[in-house]
There are 2 protein chains.
Amino acid sequence: MSPHTPAPPPTSGPKREPTARRASPRSELQRQSILDAASRLFIEKGFGGTNLNDIADVLGVSRTALYYYFRSKEAILEALTEDVTEAASALASSVSVRDGMPPEAALRQLVIQHATLILTHTLQFRVVERSEKDLPAERRAAAQAARRALLEHFVDVIERGVASGDFRAPDARVAAFAILGMCNWSAWWFKPDAGMPAEDVAKSLAEFAMRSLLRDDGRPPPPATMAESIGMLQEGLARLAEQVDASTRRR
Amino acid sequence: MSPHTPAPPPTSGPKREPTARRASPRSELQRQSILDAASRLFIEKGFGGTNLNDIADVLGVSRTALYYYFRSKEAILEALTEDVTEAASALASSVSVRDGMPPEAALRQLVIQHATLILTHTLQFRVVERSEKDLPAERRAAAQAARRALLEHFVDVIERGVASGDFRAPDARVAAFAILGMCNWSAWWFKPDAGMPAEDVAKSLAEFAMRSLLRDDGRPPPPATMAESIGMLQEGLARLAEQVDASTRRR
């Protein structure tokens, strides 16, 4: 058995409540190892080309053992969708509902949270992208609604930032898609064991996004108070004195 | 027949050379309509779940008509891979070999060209991402090499820009993936008929990428010449005069 192999089901019988199945950290770990193995197979062979036996084989357990956690491959796919798409949407709304948060802080937090979710669920995210069509109609509609909600959260925060003068973006929707794309694409390249922690990558992506949007026209604002104007005079005089001095010494 | 339906094959017989099949604009259009229809089916039903009859049915032509352009669904997939992945790599190298081009101009051109390629081949790009595993080993290796080459071109240009002081990027590879992700993800959201032309989206994405990377520490450089120092003094004095004047009038 591989280190990721789920243990046989507990002996307390098949009548346990679904909630109880997620109660212990151990059974949560086993459930996660099934989701990971299934994700790999769905990507490798397609959802249509994979069955529960394939998943049990990869994990080195019986189909009955698998049954304890998931009744069908459709149930696995639904769990994957729920874990990723809806978690993304929930995270996003938890940020954007805090209307008091300035757009810059809100967007930074949104990008870090979304990027972290993708970076810690790369396989699952790719499965969801690939297999959404195989979900039952109702679940598919829910997943699509969650994805749209996430997009709208990004668009809202960007539009708030443009309105406040903090951001510049000719088209808030294109900007939102650009940021989402940069986060989502990490599912295709990020390797958790390749040295750079997910946390650092998420911060880099957020920094990248913020710098793209933050307004900075390259010129400092004019001095706003008398003290600032005097500061400007002092700096100009000091610099001129240095230059005159240097010029005198050169002669 | 739909407007995208390929015409029946020319009557000059099955012995024409493959190059001749791409000679006329009309046959190129027909070939493209087959690639588009196949892309939609590969995405909808998976590569394994699609056969040549499905493609012929969608286009309303006979399997023989299809045969004139492609001998098998594998040949269609190879054509899609070649069209997209290798075109991307070719475009990239055409830019980056011009070593004389400053990093800023080179990267901008690279992003616009790559984004334009994706934006004008959204379906095909998604098929390639999804079905690469179904390619023959040799073609798969070629596609992967082309993709790596593209990444390296981006990394090279970014590293050149960091070395010259034009860009700041804590990690050139993460920056390259962020830019590629933003371009590649457009395959999942861009709708050619939704109003915004591909050209404008490509420019927006390039602008977004450039602003993320261009060094700008937010403070202007100190005045470099006596004339600039005197200019700074004049600006500070003029501003102070306005402020004193406003303050006097308020009393």
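Residues numbered from 1 in each chain as written. Chains lettered and ligands numbered in written order. Predicted model: local features only at pLDDT ≥ 70, side-chain atom pairs only at ≥ 80, totals over all residues. Heavy atoms only, no water.

**Concerning the packing of helix α7 (residues 122–131) of chain A against helix α6 (residues 122–131) of chain B**
Here is step 1 of the chain: As a packed pair, α7 of chain A and α6 of chain B sit with axes 12 Å apart at the nearest point and diverge in direction by 125°. Our classification of the angle between α7 of chain A and α6 of chain B gives oblique. Where α7 of chain A crosses over α6 of chain B, the handedness of that crossing is left-handed. Residues R126, E129 and R130 of chain A of α7 of chain A form the contact with α6 of chain B, whose own contacting residues are R126, E129 and R130 of chain B.
Here is step 2 of the chain: Taken together, the residues that form the contact of α7 of chain A with α6 of chain B break down as no nonpolar, no polar and six charged. (Axes fitted to C-alpha atoms, helices over the stretch in contact; angles between N-to-C directions. Helix = DSSP H or I, 4+ residues; strand = E, 2+ residues; numbered from the N terminus. Parallel < 35°, antiparallel > 145°, perpendicular 65-115°, else oblique. Left-handed = near helix turned anticlockwise from the far one by under 90°. Contact = heavy atoms within 4.5 Å. Nonpolar A, V, L, I, M, F, W, Y, C, P; charged D, E, K, R; others polar.)

**What to know about the pattern of salt bridges**
Residues and elements named next belong to chain A.
Here is step 1 of the chain: For the coordinates displayed, the defined rule picks out 18 salt bridges over all chains.
Here is step 2 of the chain: One salt bridge connects R139 with E78, and the closest N-O pair in it is separated by 3.6 Å. Of the two residues, R139 sits in helix α8 (residues 137–164) while E78 sits in helix α5 (residues 73–96), which places them 61 residues apart along the sequence.
Here is step 3 of the chain: Residue class for R139 comes out buried when judged on its relative accessible area of 17%.
Here is step 4 of the chain: Judged by its relative accessible area of 24%, E78 falls in the partly exposed class.
Here is step 5 of the chain: Between E242 and R239 there is a salt bridge; the shortest N-O distance is 2.8 Å. Pair noted here: E242 and R239 are both in helix α12 (residues 226–250), with a separation of three residues, about one helical turn.
Here is step 6 of the chain: Classification of E242 as partly exposed rests on a relative accessible area of 46%.
Here is step 7 of the chain: Look at R239 and you get partly exposed, because its relative accessible area is 24%.
Here is step 8 of the chain: The structure contains a network of salt bridges with shared partners spanning E104, R108 and E207. (Salt bridge = Lys/Arg side-chain N within 4 Å of Asp/Glu carboxyl O. Buried < 20%, exposed > 50% of the residue type's maximum accessible area, 1.4 Å probe, protein only.)

**Observations concerning the relation of the copies chain B and chain A**
Here is step 1 of the chain: By a simple turn and slide, chain B fits onto chain A: the slide is 0.3 Å along the axis, the RMSD is 0.5 Å, and the turn is 179°. What we have between these two chains is a two-fold relation. (Least-squares fit on C-alpha atoms with pLDDT ≥ 70 in both.)

**Let's talk about the UniProt feature "DNA-binding region" (unreviewed entry) in chain A**
Here is step 1 of the chain: The feature "DNA-binding region" (unreviewed entry), as annotated in UniProt, sits at residues 51–70 of chain A in this numbering.
Here is step 2 of the chain: The span residues 51–70 of chain A is 65% helix and 0% strand, and its two end C-alpha atoms sit 12 Å from each other. (UniProt positions renumbered as here; feature names shortened; annotations may be inferred.)

**Brief notes about the interface of chain B and chain A**
For an interface, size is often stated in terms of accessible area lost upon the parts coming together.
Here is step 1 of the chain: Listed per partner, the contact involves 53 residues of chain B and 52 residues of chain A.
Here is step 2 of the chain: Roughly 4,500 Å² is buried in total at the junction of chain B and chain A, and carbon and sulfur atoms are behind 67% of that figure.
Here is step 3 of the chain: It is W185, F208 and R211 of chain B in chain B that bury the most area against chain A; as a group they hold 17% of the surface buried on that side.
Here is step 4 of the chain: At the boundary of chain B and chain A, one finds zero salt bridges.
Here is step 5 of the chain: One can count twelve residue pairs in polar contact (both at pLDDT 80 or more) joining chain B with chain A.
Here is step 6 of the chain: Where the side of chain B that touches chain A is concerned, the elements lending two or more residues are α1 (25–45), α6, α8 (172–184), α9 (186–189), α10 (198–213) and α11 (226–250) of chain B. (Buried area = accessible area lost by both parts, 1.4 Å probe. Polar contact = N/O pair within 3.5 Å; in protein donor to acceptor, adjacent residues only side chain to side chain.)

**Topic: the packing of aromatic side chains**
Here is step 1 of the chain: Within the structure shown, the criterion is met by 17 aromatic pairs over all chains.
Here is step 2 of the chain: Aromatic side chains W185 of chain A and W188 of chain B sit 6.0 Å apart centroid to centroid with 55° between the ring planes, which places their arrangement in the tilted category. Here W185 of chain A is found in the loop between α9 (172–184) and α10 (186–189), whereas its partner W188 of chain B is found in helix α9 on a different chain.
Here is step 3 of the chain: What makes W188 of chain B buried here is its relative accessible area of 15%.
Here is step 4 of the chain: Measuring from ring centre to ring centre gives 4.3 Å for W189 of chain A and F177 of chain B, while their planes differ by 0°; the resulting arrangement is stacked. (Phe/Tyr/Trp six-rings, centres within 6.5 Å; stacked < 30°, edge-to-face > 60°.)

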